[in-house]
Amino acid sequence: MSVIHTISRFLMSIINAVYNLLWGDLITIPLPGGSYLGLSLLVLILIPAGIYFTFRTKFLPFRLFPEMLKTAVEKRHVSQKGAISGIQALIVSTATRVGMGNLVGVVAAISAGGAGAVFWMWVIALLGASTAFVEATLAQLYKEKDPLYGGYRGGPAYYIHQLFAGKKHARRHCVIAVCFAVSALICWCGISQVIGNSVSSAFENAFHIPPIYTTIVLVVIAAFIVLRKNATVKVLDIIVPVMAAVYFIITLFIIIKNAGQLPAVFGRIFEEAFGLRQVAAGGIGAVIMNGAKRGLFSNEAGSGSAPCAAAAADISHPAKVGLLQAFGVFIDTIVICSCTAMIMLLVPAEMTAGLTGMDLLQTAMQYHLGQPGILLIAAILWFFSFSTFIGILFYARSNVAYLFGDRWMPQTIYKIIALIMLFIGGLAAYTFVWDLGDIGIGLMTIFNMIAIIPLASKAIESLKDYEKQSKKQSGI
């Protein structure tokens, strides 16, 4: 027993060390008022990369936003059997982006960093949109046909392989590509457990349903979908637009109901964003970093997750998928995360003092909508989390195939492992597994960025070609 305990402690120390390396403060910058700005390794990678890609794409999020909307409403066209359209790829990636991070994650950011954290989430989203464009376009450029599910597959593992192993596929695997795929599969197992725990806890609080019953229902429904060949996209096609629209409409109702408070709320966001209230209290560093970290984690730009869906799209030009994924970052942070922020900030501060996480959000919803508000937010959380789970298993397909080849057995085994993690998470919270999820997405980001920075010129060339074609078609 002592040997097992020693090994367990050793593994935990490794996990904590890697977690702190990725997410801990690598550099601290002193600020006025005794505060400091702590910069993690991932922040040091993703924010400069976002700025770089924004310049390389000539401020794409602002310049081509109308083009994003135009692409999003285009008629779906799929020429390859089993393939998905560009908008369906956006729906899958939105399903995974719009999850716990948009609810409890935003609550945590505002609780720790104040209203000003919302502003820095917006800034990170605008920077992240260019990163999302580059990685999604690369996924399209380096996609390949999928002999198992039909259509196409790809993602970071595939364009990393092309970068380091070459087009001739002299080697079956590339070390960095394998590292990405393994990190991704570990991350998504960790997220599966978080989803199970979040849903069962929310339903226990709102409906007083024992976790075992909620968990069994969740796992059975999820298994019915993910263990079938091509049911995932069809289900998400229905769930994602409906759940996003319902949440937006509810928030819009709350905003209209409290319209008189909006000037004060936006004033508070901008005042606290630049530390006009916090400098004296020494809290501006927390404001900036909580908003930045939450924005990076929520929109996933640069992590390499969304390209796994982007590669599957059957679309007329690779840059179109890039534009759609950039638009996905806008939906995630500017729209959905802002909805959660408004629900919270339109509540008197004394009502939510001392509350955190789901308790805080449920209290805010109860203030706005009464008892039905608590039930409603639990139901919304269920749909957000459920769509995230089946979305990440869509992502997993291409990575399992890269590691183990075109065989159904590894695909099914990974799905079963994820379902087991979902079940375990519904009954108990194992924080080390959650940390593994955070480590996984951190490592994914590093391996992905190693590839997309040198390959960025390919995505920029694709963008230039797309704009040239668009001008020719419009007669400009």
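Scroll up to find the structure.
Residues numbered from 1 in each chain as written. Predicted model: local features only at pLDDT ≥ 70, side-chain atom pairs only at ≥ 80, totals over all residues. Heavy atoms only, no water.

Peer 1: How should I be thinking about the overall build of the protein in this particular structure?
Peer 2: In terms of helices and strands, the protein carries 20 helices and four strands. Considering the protein as a whole, with its 476 residues, one finds that 57% of them fall into the buried category. Put simply, of all contacts in the protein between residues at least 6 apart along the chain, 80% involve residues at least 24 apart. (Helix = DSSP H or I, 4+ residues; strand = E, 2+ residues; numbered from the N terminus. Buried < 20%, exposed > 50% of the residue type's maximum accessible area, 1.4 Å probe, protein only. Contact = heavy atoms within 4.5 Å.)

Peer 1: When you look at the pattern of salt bridges in this model, what are you seeing that I'm missing?
Peer 2: A pair can form between side chains of opposite charge whenever their charged atoms are brought close. Applying the stated rule across the entire model yields five salt bridges. We note a salt bridge from E67 to K70, for which the minimum N-O separation is 3.9 Å. Remark: K70 and E67 occur in helix 4 (residues 65-72); sequence separation between them is three residues, near one turn of the helix. For E67, a relative accessible area of 16% puts it in the buried group. (Salt bridge = Lys/Arg side-chain N within 4 Å of Asp/Glu carboxyl O.)

Peer 1: Looking at this structure, I do not really get a nonpolar patch on the surface. What am I missing?
Peer 2: Nonpolar side chains collect at one region of the surface, where I51, F55, F59, F62 and L126 lie side by side and expose about 480 Å² of accessible area between them. Relative to the helices and strands, L126 is located in helix 7 (residues 116-141). We classify L126 as partly exposed; its relative accessible area is 33%. (Patch = residues over 30% accessible without salt bridge, like charges linked within 9 Å, V, L, I, M, F, W, Y side chains within 5 Å. Areas by Shrake-Rupley, 256 points an atom, 1.4 Å probe, with all protein chains shown as cover.)

Peer 1: Just checking my understanding: could you explain unusual backbone geometry for this structure?
Peer 2: Peptide bonds are, in most cases, trans, and in most cases residues other than glycine have a negative phi. The phi torsion at K58 lies on the positive side, around 60°, for a residue other than glycine. As for its position among the elements, K58 is in the loop between helix 2 (41-56) and helix 3 (60-63). For K58, a relative accessible area of 55% corresponds to the exposed category. Its identity is not glycine, yet F59 carries a phi of approximately 60°, on the positive side. Counting through the fold element by element, F59 comes out in the loop between helix 2 and helix 3. For F59, a relative accessible area of 38% corresponds to the partly exposed category.

Peer 1: What is the right way to look at the side chain of T214 in this model?
Peer 2: Summarising the element assignment, T214 is placed in helix 10 (residues 211-226). Residue classification places T214 among the buried residues on the basis of a relative accessible area of 7%. Discounting residues that sit within four places of it in the chain, T214 has contacts with V199, S200, F203 and I209.

Peer 1: Even after reading the chapter, I still don't get the packing of aromatic side chains, so can you show me in this structure?
Peer 2: Here the distance between the centres and the angle between the planes together describe a pair of aromatic rings. Scanning the model with the defined rule gives 14 aromatic pairs in all. With a centroid separation of 5.6 Å and an interplanar angle of 65°, the aromatic rings of F119 and F270 are classed as edge-to-face. With F119 in helix 7 and F270 in helix 12 (residues 262-273), this residue pair connects regions lying 151 residues apart in the sequence. Accessibility expressed as a relative area gives 16% for F119, which makes it buried. (Phe/Tyr/Trp six-rings, centres within 6.5 Å; stacked < 30°, edge-to-face > 60°.)

Peer 1: How do you make sense of the side chain of T215 when you look at a structure like this?
Peer 2: Turning to its location among the elements, T215 is positioned in helix 10. Excluding its chain neighbours within four sequence positions, the residues that come into contact with T215 are S200, L422, F423, G426 and L427.

Peer 1: Before we go on, may I ask you to explain the state of the cysteines in this structure?
Peer 2: Overall, the coordinates contain zero disulfides when judged by the stated rule. C174 supplies the cysteine sulfur nearest to C179, a cysteine that is in no disulfide, at a spacing of 8.5 Å. Accessibility expressed as a relative area gives 28% for C179, which makes it partly exposed. Of the cysteine sulfurs around C339, a residue in no disulfide, the closest is that of C337, at 9.1 Å. A relative accessible area of 4% means that C339 is categorised as buried. (Disulfide = S-S within 2.5 Å.)

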